[in-house]
Amino acid sequence: MSTPVPLFHARARLLHWMMAPLVVAMLFIGIGMLSTTSSAYALLLAIHKPLGTAILVLVLLRIHTRFRHRPPPLPSDLPRLQRRAATLSHWLLYALLLLMPVSGWAMLSAAGYPVTLLAGIRLPPIAPHDAGLFAWLRGAHHWLALLLFATFLLHLAAALFHALVRRDGVLASMAPWLGRRRR
Amino acid sequence: MPFSSPSPQSLRRLWRRRRRVITGLGTIALSVGVLALAFAWTAGWLTPSRLSGADVADVLERHNGEHPGFRRAHEKGVCVVGYFDSNGRGQALSKATVFAPGRTPVFGRFALAVGSPYAPDGVPAPRSLALDFSAADGSTWRTAMNSVPLFPVGNVRDFVALQRATTPDPVTGKPDPARVAAFMAAHPETRAFNALMASRPIASSFANGGYHSINAFRFIDAGGTARAVRWSMLPEAAFSALDRGRFDAMNARDRDFLFNDLFARLRREPQRWHLVVTLAAAGDRTDNATVQWPASRERIDVGTLVIERALPEPAGPCRDVTFDPLVLPPGIAASDDPLLSARSAVYAASLRRRSGEGPHPGAPGSAPATLPQESQR
């Protein structure tokens, strides 16, 4: 018999679906601006910094929500390995979502760039102006971004696997409009 | 029969389950594949002809040779420190706080637009003055100006083609004349630039030369009105020209004569320039740095740049900074010149590379260790 699936807290769902398009867009903007010297560069760069700051605020709220409201339990018949992978990849996502904006902010600080958001709104530097530190942070920002994109693809694949193959309601616990019944 | 054959219903159920798994996995593979492909395309991994900042840095490295720790262009330079005294007249054009009457601290860099940090100073190459104005309200204005008011090409693709055409052949050590000729034949704007370079007297000092914004920008006043502008730093020191015919003799006497002259002048007294803003008239092109505006355009002196001292790069504030033309305060904005994005992207690539390579040993002054460590009044 089918049972209704337990849902993520409403605030967790709201933050998840606000952040999902922003984070994916951010990854494409970041890798895209590196690829070009056309006028798109200036535009993408101008979006990247305020958007990254917005994501930083959202991820802090998201992590706060995660500690306040435990996510619904995974289906009891989920194999141990998949359960492990789910837990690990979620903490990896939280860590990367936090590290990306922080490393971006720190790397601009270390490079001596003003961290300009919109219309002259600036963030203070959070790292000393230091070329060696910049090189390290810049590398970290780049490789963590690729890792985040890979983790996002894994996350998406897992969500679809739950929805299309296992049909166990795990995706519906974040997206209740998909129908809240386990089959 | 030892086994009972499966019923048609259970077979159908099994088939339905298998189909679900196959279409499910197919959908997942397709979704992930399409996203990964879109990402690869966005990253430029599928479009080798798209020019990134790193691609242009590669082209410059091939043209100039590799000089780890140095900028990828204008390699030979020194840091300078001083201030800008605004006379307040710029406020009518731009709300940038740097134009309010008063003083803004400035640091920057004088450089030769040559490909090697160890090149002699007696070369008919453009020179540059890059500046950072850090206003009291925290806003920053960076500008990298050249001694020639024009750029040889109008876009980054032509820039790359020019660099490639003039890259020295590893065997002869000189560019292939046929490639150079082919490029010049196709680029009247570069011929015009070269003609200007050949006819312009070359200043005898960094201190008595003018420096120009090259690109157009927009000044935005307090009322929100935007005006297309270019700017120049014009020297107070009296102009005198170098004799091109004596470059060899001058280099033989002192390869770093220009930089040594700058240090010597600054030991005697601060050097001054006037920041002169040129206003575009209707119809003046703002998207092409190879096109000059007519000399009759209105020019406004908005203040005085005072350079007080020079420092070798390892000891100064300029080495680990990009004078990115898109680092602009409120009141100054980019124009539609496509070179601005290109300069910003390439400068960023240059900073990434040289920062990763570690600080350079310092030049001028490292090859021929002749420069004083610091010139302080």
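Residue indices begin from 1 for each chain and proceed along its sequence in written order. Both sets of labels track the order of writing: A upward for chains, 1 upward for ligands. Given that this is a predicted model, residues contribute local features only at a pLDDT of at least 70 and side-chain atom pairs are listed and counted only at 80 or more, while totals for whole chains, interfaces and linings are drawn from all residues.

## Considering the overall build of chain A
Only runs of H or I of at least four residues qualify as helices and only runs of E of at least two qualify as strands under DSSP, and these elements are numbered from the N terminus. From N to C terminus, chain A includes four helices and two strands. Starting at the N terminus and walking to the C terminus, you meet the elements of chain A as α-α-α-β-β-α. Its C-alpha atoms give chain A principal-axis dimensions of roughly 60 × 35 × 30 Å. The contacts in chain A between residues at least 6 apart in sequence include a share of 67% that link residues at least 24 apart. The contact rule is simple: place each C-beta atom from the backbone, and if two of them lie within 7 Å, those residues are in contact.

## Re the overall build of chain B
A tally of regular secondary structure across chain B gives eight helices and ten strands. Scaling as 2.2 N^0.38, a compact globule of 377 residues should have a C-alpha radius of gyration of about 21 Å, whereas chain B reaches 27 Å, well beyond that. When the 377 residues of chain B are sorted by exposure, 43% land in the buried category. In chain B, the share of contacts with a sequence separation of at least 24, taken over all contacts with a separation of at least 6, comes to 75%. With C-alpha atoms as the basis for the radius of gyration, the globule rule is written as 2.2 Å multiplied by the number of residues raised to the power 0.38. Three exposure classes are used. Buried residues have 20 or more other C-beta atoms within 10 Å of their own C-beta, exposed residues have 12 or fewer, and partly exposed residues fall in between, all C-beta atoms being placed from the backbone.

## Observations regarding the pairing of strand E4 (residues 140-146) of chain B
All names here are of chain B. Extensive coverage of E4 is indicated by the burial of six of its seven residues. For two strands to pair, DSSP has to find at least two bridges joining them. Bridging between strand E3 (residues 127-134) and E4 involves seven bridges; their strand directions are antiparallel. From the neighbouring strand, Ala 130 faces E4, where its bridge partner is Ala 144. Counting the residues between successive antiparallel strands, the hairpin from E3 to E4 contains five residues, one of them, Gly 138, with a positive phi of roughly 95°.

## A closer look at the domain arrangement of chain B
Source of the domain bounds: an automatic or database domain assignment. For chain B, the assigned domains read domain 1 (7-50) and domain 2 (52-357). Just the C-alpha atoms count here: the centres of domain 1 of chain B and domain 2 of chain B sit 52 Å apart.

## A look at the pairing of strand E7 (residues 226-235) of chain B
In summary, the side chains of a regular strand alternate between the two faces of the sheet. Residue and element names in this part refer to chain B. Note that strand E5 (residues 211-212) and E7 share two bridges and pair antiparallel. Residue Tyr 211 lies in a different strand from E7, and its bridge partner there is Met 233. One ladder, built from four bridges, connects strand E6 (residues 217-220) with E7; its direction is antiparallel. From the neighbouring strand, Arg 218 faces E7, where its bridge partner is Ala 228. Linking E6 back to E7 in an antiparallel pair, the connection comprises five residues, with Gly 224 at a positive phi of about 95°. Across seven bridges, the pairing between E7 and strand E8 (residues 271-279) is antiparallel. When the bridges of E8 are listed, Trp 231 appears paired with Val 277.

## A word on the interface of chain B and chain A
Taken together, the 42 residues of chain B in the interface contact 32 residues of chain A. Elements supplying a minimum of two residues to the side of chain B that touches chain A: helix H1 (8-42), helix H2 (53-64) and helix H8 (338-357) of chain B. Ranked by the residues each element gives to the side of chain B that touches chain A, the list is headed by H1 of chain B, at twelve residues.

## Observations concerning the nonpolar core
A set of buried Ala, Val, Leu, Ile, Met, Phe, Trp, Tyr and Cys residues, joined to one another through C-beta atoms within 7 Å, is what we call a nonpolar core. Ranked by size, the top nonpolar core spans 110 residues in total, and within it Val 56, Val 78, Leu 262 and Ala 310 of chain B carry the most contacts. For this core, the element with the most residues is H8 of chain B, which contributes nine residues.

## Points about H2 of chain B
Residue and element names in this part refer to chain B. With twelve residues, H2 ought to run about 16 Å at 1.5 Å a step, and its terminal C-alpha atoms sit 16 Å apart, in line with that. Those residues of H2 hidden inside the fold are in contact with helix H3 (156-165) and H8. Remark: Gly 65 follows H2 within two positions and exhibits a positive phi of approximately 85°. By definition here, a helix of n residues has an expected span of 1.5 Å times n minus one.

## Some points on the packing of H3 of chain B against helix H4 (residues 177-186) of chain B
Axes are the key here: two packed helices are described by the angle between their axes and the distance separating the axes. Residues and elements named next belong to chain B. Every axis corresponds to a line fitted to the C-alpha atoms, with the helix fit spanning only the stretch in contact, and the corresponding angles, defined between N-to-C directions, vary from 0 to 180 degrees. The interhelical angle for the contact between H3 and H4, taken along N-to-C directions, is 155°, at an axis separation of 8 Å. Classified by the angle their axes make, H3 and H4 are roughly antiparallel. The segment H3 lies against H4, with Ala 161, Leu 162 and Ala 165 engaging Arg 179, Val 180 and Phe 183. Lys, Arg, Asp and Glu make up the charged group, whereas Ala, Val, Leu, Ile, Met, Phe, Trp, Tyr, Cys and Pro make up the nonpolar group; the residues left over, Gly among them, are polar. Here the residues of the contact of H3 with H4 sort into five nonpolar, no polar and one charged. Oblique is the label for any angle not covered by the other classes, which are roughly parallel (under 35 degrees), roughly antiparallel (over 145) and roughly perpendicular (65 to 115).

## Observations concerning the environment of Arg 122 of chain A
Secondary-structure assignment places Arg 122 of chain A in strand E2 (residues 122-123). Among the residues examined, Arg 122 of chain A registers 17 C-beta atoms within 10 Å and is labelled partly exposed. Put simply, Arg 122 of chain A and Pro 50 of chain A are 72 residues apart on the chain and 9.7 Å apart in space, counted from C-alpha to C-alpha. Setting aside anything within four residues of it in sequence, one finds Arg 122 of chain A in contact with Pro 114, Val 115, Thr 116 and Leu 117 of chain A together with Gly 138 of chain B.

## A look at helix H3 (residues 80-110) of chain A
Residue and element names in this part refer to chain A. Taking 1.5 Å as the rise per residue, H3 with 31 residues should run 45 Å; its terminal C-alpha atoms sit 43 Å apart, in good agreement. On its buried face, H3 is in contact with helix H1 (10-34), helix H2 (40-68), strand E1 (115-116), E2 and helix H4 (131-166). In the stretch just after H3, Gly 112 is the one whose phi turns positive, near 75°.

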